[in-house]
Amino acid sequence: MTLTSTTLNAAGLLLLSHSVYSAWEHSSTTPPHPASSPFATSTSTLTLPLDITLELLLSLFLLCTGIILHSAPLRPIRWRAWAEQIEKDQSRPEGRKAIRAPKGEMVAHPFRFLEERRGFLDIRAKRMEFADWVRQAGPEVQT
Amino acid sequence: AAMIDERELQIHPIVQDSMQHNTKTIDNIRALTSSLFGVGAGALGLSSYAGFLFYLVGSLIVSTLIFVLRAEGPKGGADKYFYNIWTGLWLGDLMGGLMGFVLTWTLVYGLVVA
């Protein structure tokens, strides 16, 4: 995606500068319209050649597409859809994630706290684990 | 209507971070593209209403491109990325972009045409 947008932007900028230069050259080399009075300042509105106009419009379109493709993807605003994306992102490799966090920032899982609630700690299982560990460690810890 | 809105928000909560992120992204795109439209309008030698019409048409095209390329088009649903798609996308930051547009429009018009 980055390659596409960079190519589009580069091509658009090249065409834009070329067409603006062409327009400037055209307006500076074309003599003023004889029919217009010497006090009228703007005469070149309709006299710009068609190819320059088309090149300009095409370059603008390329640049717009490139800029939009280059921008960060939008994020879903409903909590439900957002959490779904983050959940899916956890199994995706780096670089293919749907939500790109800015540098030095993390997009946290919104339901992470559910996994870490102290009130839901299984104290009996922990006690059994501890007992197993004591039994395995041998007599020197069983003082 | 307010009661229904409130209930709807409780059932489907909104993520403020995502809304801010989307607004910022749209504003960035608008600022960049509208300055470019100003360059275009100036080089074409448009003046008065024609220039503003150019800006409106260009912004509409940009909004459509965002809608198709970034918001999954009609299949994504209007409310997946925007709380209100009219103020969020179609009219989003039109006035802010207009400033940049007029700035580059007058500059390039002055350089190229006059």
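Residue numbers here run from 1 along each chain, matching the order of that chain's written sequence. As they are written, the chains are lettered A onward and the ligands numbered 1 onward, keeping that order. Local features are withheld for residues below a pLDDT of 70 in this predicted model, meaning they are given only at 70 or higher, and side-chain atom pairs are given and counted only at 80 or more; totals for whole chains, interfaces and linings count all residues. In computing side-chain properties, one takes all heavy atoms of the structure into account and sets aside hydrogens as well as water.

Going by what an unreviewed UniProt entry lists, chain B is known as ER membrane protein complex subunit 6 and is assigned to Eremomyces bilateralis CBS 781.70. UniProt positions are given in the numbering used here, feature names are shortened, and annotations may be inferred rather than shown by experiment. One UniProt comment on chain B, placed under Sequence similarities (unreviewed entry), says "Belongs to the EMC6 family."

Within an unreviewed UniProt entry, the label attached to chain A reads Magnesium transporter, and the organism entered is Eremomyces bilateralis CBS 781.70. Per its UniProt entry, chain A bears the Sequence similarities (unreviewed entry) comment "Belongs to the membrane magnesium transporter (TC 1.A.67) family." The annotation that UniProt attaches to chain A under Subcellular location (unreviewed entry) is "Endomembrane system".

**Student:** I'd like a rundown of the overall build of chain B, residues and numbers included.
**Tutor:** Where helices and strands are cited, they refer to DSSP runs of H or I of at least four residues and of E of at least two residues respectively, numbered from the N terminus. On a plain count of helices and strands, chain B comes out with 5 helices and 0 strands. Using a 1.4 Å probe on the protein chains alone, a residue whose accessible area is under 20% of its type maximum counts as buried, one over 50% counts as exposed, and one in between counts as partly exposed. Per-residue burial over chain B gives 45% buried out of 114 residues. The contact rule is simple, with two residues in contact once any of their heavy atoms fall within 4.5 Å. Considering only intrachain contacts with a sequence separation of at least 6, the fraction spanning at least 24 residues in chain B is 74%. A 1.4 Å probe and the Shrake-Rupley method give the accessible areas. Residues count as covered only by the protein chains that appear here. For chain B, the exposed surface amounts to about 6,200 Å²; the carbon and sulfur share of it is 69%.

**Student:** Account for the packing of helix α2 (residues 50–70) of chain A against helix α2 (residues 16–44) of chain B, naming residues and giving values.
**Tutor:** For any two helices packed against each other, the geometry is given by the interaxial angle and the distance between the axes. Running from amino to carboxyl end, α2(A) crosses α2(B) at an angle of 175 degrees, the nearest separation of the two axes being 10 Å. The orientation of α2(A) with respect to α2(B), classified from their angle, is roughly antiparallel. Residues A:Thr53, A:Leu56, A:Leu57, A:Leu60, A:Leu63, A:Cys64, A:Ile67 and A:Ile68 of α2(A) pack against B:Ile29, B:Leu32, B:Thr33, B:Leu36, B:Phe37, B:Gly40, B:Ala43 and B:Leu44 of α2(B). Only the stretch in contact is used when fitting a helix axis, every axis being a line fitted to C-alpha atoms; angles between N-to-C directions are given from 0 to 180 degrees. An angle counts as roughly parallel when it lies under 35 degrees, as roughly antiparallel when it exceeds 145, as roughly perpendicular when it falls between 65 and 115, and as oblique in every other case.

**Student:** Run through helix α5 (residues 94–112) of chain B, naming residues and quoting values.
**Tutor:** Look at α5(B): 26 Å from first C-alpha to last across 19 residues, which is about the 27 Å you get at 1.5 Å a residue. Every buried residue of α5(B) is accounted for by B:Leu94, B:Gly97, B:Leu98, B:Phe101, B:Thr104, B:Trp105, B:Val108, B:Tyr109 and B:Val112. For α5(B), the angular spread of buried residues about the axis comes to 145 degrees, placing them on one side. Exposed residues on α5(B) whose side chains face more than 90 degrees from its buried face are B:Met95, B:Met99, B:Leu103, B:Leu107 and B:Leu111. Check the buried side of α5(B) and you find it contacts α1 (2–29) of chain A together with α2, α3 (49–69) and α4 (85–90) of chain B. Take the number of residues in a helix, subtract one, and multiply by 1.5 Å to get its expected span. The arc in question is the one traced by the directions running from the helix axis out to the C-beta atoms.

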